[in-house]
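# Architecture at a glance
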Amino acid sequence: MERCIAFCAFLVLVSAQSIRYSQSASVRRPVNSHNCRGNTRTYARQDLARASRRTLLSAVGPSLFWAANIQRPSYGADTEMSKYSSIDGKYSFSYPSEFKRSPKLVQTHKEEVFFRSTTRKKYNLGLTVDPVTISSLDEFGPVEDIANSVIKLEKDKEGVLATEMKEAIAKEIGGRKAYFIDYVSNSTRGNIRYLSSLVVDGQKNLYVFTMQTKIDDYDEVKDEMNAVMESFLIE
């Protein structure tokens, strides 16, 4: 169980790290999930080492396997929202219309997509999809354990000055068990607020949907970010 919790936490950080960068200079293999029922420490270290290396280099961007069906509904009085849907309808989410799809050199996950604001620095969102061997987040562990592991791993990263968990709750996305994690990481790269949603679909794919902004901008975009996070749906 501890191995599964650590691996899931690393995937959250991989997704969060991904939206900091729009390009990757090196080829990295997609996530390779081992059977979570194993207890071998060697496999655990290999999983964590691979995830750690990807955390430094991964970036989400245009996927080779997905295409966007863009609609432009109005969302709220102040923000125009667009809708992104996978070509096969497996997932969708809304995003501020001023966001633009960001380029990427290398795909590092089974599926991935990335948008960044054209008007605010470090205001981005990303979605990563990776195969896992479980059918529900319950098999990864309770949301509190995942959240605590995220904070611990974030603290251990180079350049991180302080971290704070704001909220960690279980909910549902598309009728399936989902986790929502809200945390802050203050580092030499900036003081950033992260919102992440995790859910496993019926085909044993783990979705990590993450949005970030600078702390200084959070109060201005908080409602917008929450609306985006709430819009995320899977089949």
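Before any of the text, the structure's been laid out above.
Residues numbered from 1 in each chain as written. Predicted model: local features only at pLDDT ≥ 70, side-chain atom pairs only at ≥ 80, totals over all residues. Heavy atoms only, no water.

## Some words on the overall build of the protein
For the record, the criterion: To qualify as a helix, a DSSP run of H or I must reach at least 4 residues; to qualify as a strand, a run of E must reach at least 2; elements of each kind are numbered from the N terminus. Buried means the residue's accessible area, taken with a 1.4 Å probe over protein chains only, is under 20% of the maximum for its type, while exposed means over 50%, and partly exposed covers the values in between. Every residue pair with non-hydrogen atoms within 4.5 Å of one another is taken to be in contact. Note on areas: these come from Shrake-Rupley sampling with a 1.4 Å probe, and a residue is covered only by the protein chains present in the view.
Per the secondary structure count, the protein includes 4 helices and 11 strands. Counting the 235 residues in the protein, one finds 53% classified as buried. Summarising the internal contacts of the protein: among those between residues at least 6 apart in sequence, 61% fall at separations of at least 24. By element, 48% of the accessible surface of the protein is carried by carbon and sulfur atoms, the whole surface being about 10,800 Å².

## Section: the pairing of strand β10 (residues 205–214)
As a reminder, the rule being used: Strands qualify as paired when DSSP identifies two bridges or more between them.
Burial within β10 is extensive, with 9 of its 10 residues counted as buried. Judged from the 8 bridges that link them, strand β6 (residues 124–131) and β10 form a sheet pairing that is antiparallel. Across the sheet, L125 pairs through a bridge with M211, a residue of β10. In this structure, the hairpin formed by strand β9 (residues 190–200) and β10 is closed by a connection of 4 residues, where K204 is found at a positive phi of approximately 60°.

## Digging into the pattern of salt bridges
What counts, and what does not: Each salt bridge in this description consists of a side-chain nitrogen of Lys or Arg and a carboxyl oxygen of Asp or Glu lying within 4 Å of one another.
Taken as a whole and assessed by the stated rule, the structure comprises 8 salt bridges. Two residues, E220 and R120, come together in a salt bridge whose shortest N-O distance is 2.9 Å. Of this pair, E220 sits in helix α4 (residues 215–231) while R120 sits in the loop between β5 (111–117) and β6, and the two are 100 residues apart along the sequence. Assessed through its relative accessible area of 25%, R120 is described here as partly exposed.

## Considerations on the packing of aromatic side chains
Quick note on the threshold: We call Phe, Tyr and Trp rings a pair once their centres come within 6.5 Å, taking the six-membered ring for Trp, and we label the pair stacked below 30 degrees between planes, edge-to-face above 60, and tilted otherwise. Throughout this description, the term charge over a ring refers to an Arg CZ or Lys NZ atom that lies within 6 Å of the ring centre and within 35 degrees of the ring normal.
Counted by the stated rule, this structure contains 13 aromatic pairs. For the ring pair Y207 and F232, a centre distance of 6.3 Å and an interplane angle of 50° mean the geometry is tilted. With Y207 in strand β10 and F232 in the loop between α4 and β11 (233–234), this pair connects stretches of sequence that are 25 residues apart. The class of Y207 is buried, set by a relative accessible area of 2%. Counting every residue linked through ring pairs, the aromatic cluster contains Y84, Y91, F93, Y95, F115, Y207, F209 and F232. We note R193 situated over the ring of Y218; from NZ or CZ to the ring centre the distance is 4.0 Å.

## So, α4
Note the cut-off: Expected span, for any helix, means 1.5 Å times one less than how many residues it has. In this scheme, the bend at a residue equals the angle between the axes fitted to the seven residues that finish there and the seven that begin there.
Look at α4: 22 Å from first C-alpha to last across 17 residues, which is about the 24 Å you get at 1.5 Å a residue. At V221, α4 shows its largest kink, close to 75°. Looking at α4, one finds that the buried residues are D217, Y218, V221, E224, M225, A227, V228, M229 and S231.

## Quick word on the nonpolar core
Rule in force here: Side-chain atoms within 4.5 Å link the members of a nonpolar core, which is a set of buried Ala, Val, Leu, Ile, Met, Phe, Trp, Tyr and Cys residues.
Y91, F93, L125, L127 and F232 are the most contacted members of the largest nonpolar core, which has 27 residues in total. Every element with two or more residues in this core is listed here: β2 (79–85), β3 (91–96), β5, β6, β8 (176–187), β9, β10 and α4. The element that contributes the greatest number of residues to this core is α4, accounting for 5 residues. Core analysis: the second largest hydrophobic core is formed by 18 residues, V143, A147, I192 and Y194 among them.

## Regarding unusual backbone geometry
Positive phi outside glycine occurs at K122, with the angle close to 60°. When you line up the elements, K122 lands in the loop between β5 and β6. Residue K204 is not a glycine yet carries a positive backbone phi of 60°.

## Some details on the sheet that holds strand β7 (residues 160–173)
What counts, and what does not: Angles run from 0 to 180 degrees between N-to-C directions of axes, and those axes are lines fitted to C-alpha atoms, restricted for helices to the stretch in contact.
Across the sheet, which stays open at both edges, the 7 strands sit in the order β4-β5-β6-β10-β9-β8-β7 with antiparallel pairing between neighbours. Edge strands, defined here as strands with exactly one partner in the open sheet, are β4 (99–101) and β7. The sheet shows a mean angle of 20° between the axes of neighbouring strands, direction not considered. Looking at chain direction, β4 and β5 are connected through 3 bridges and run antiparallel.

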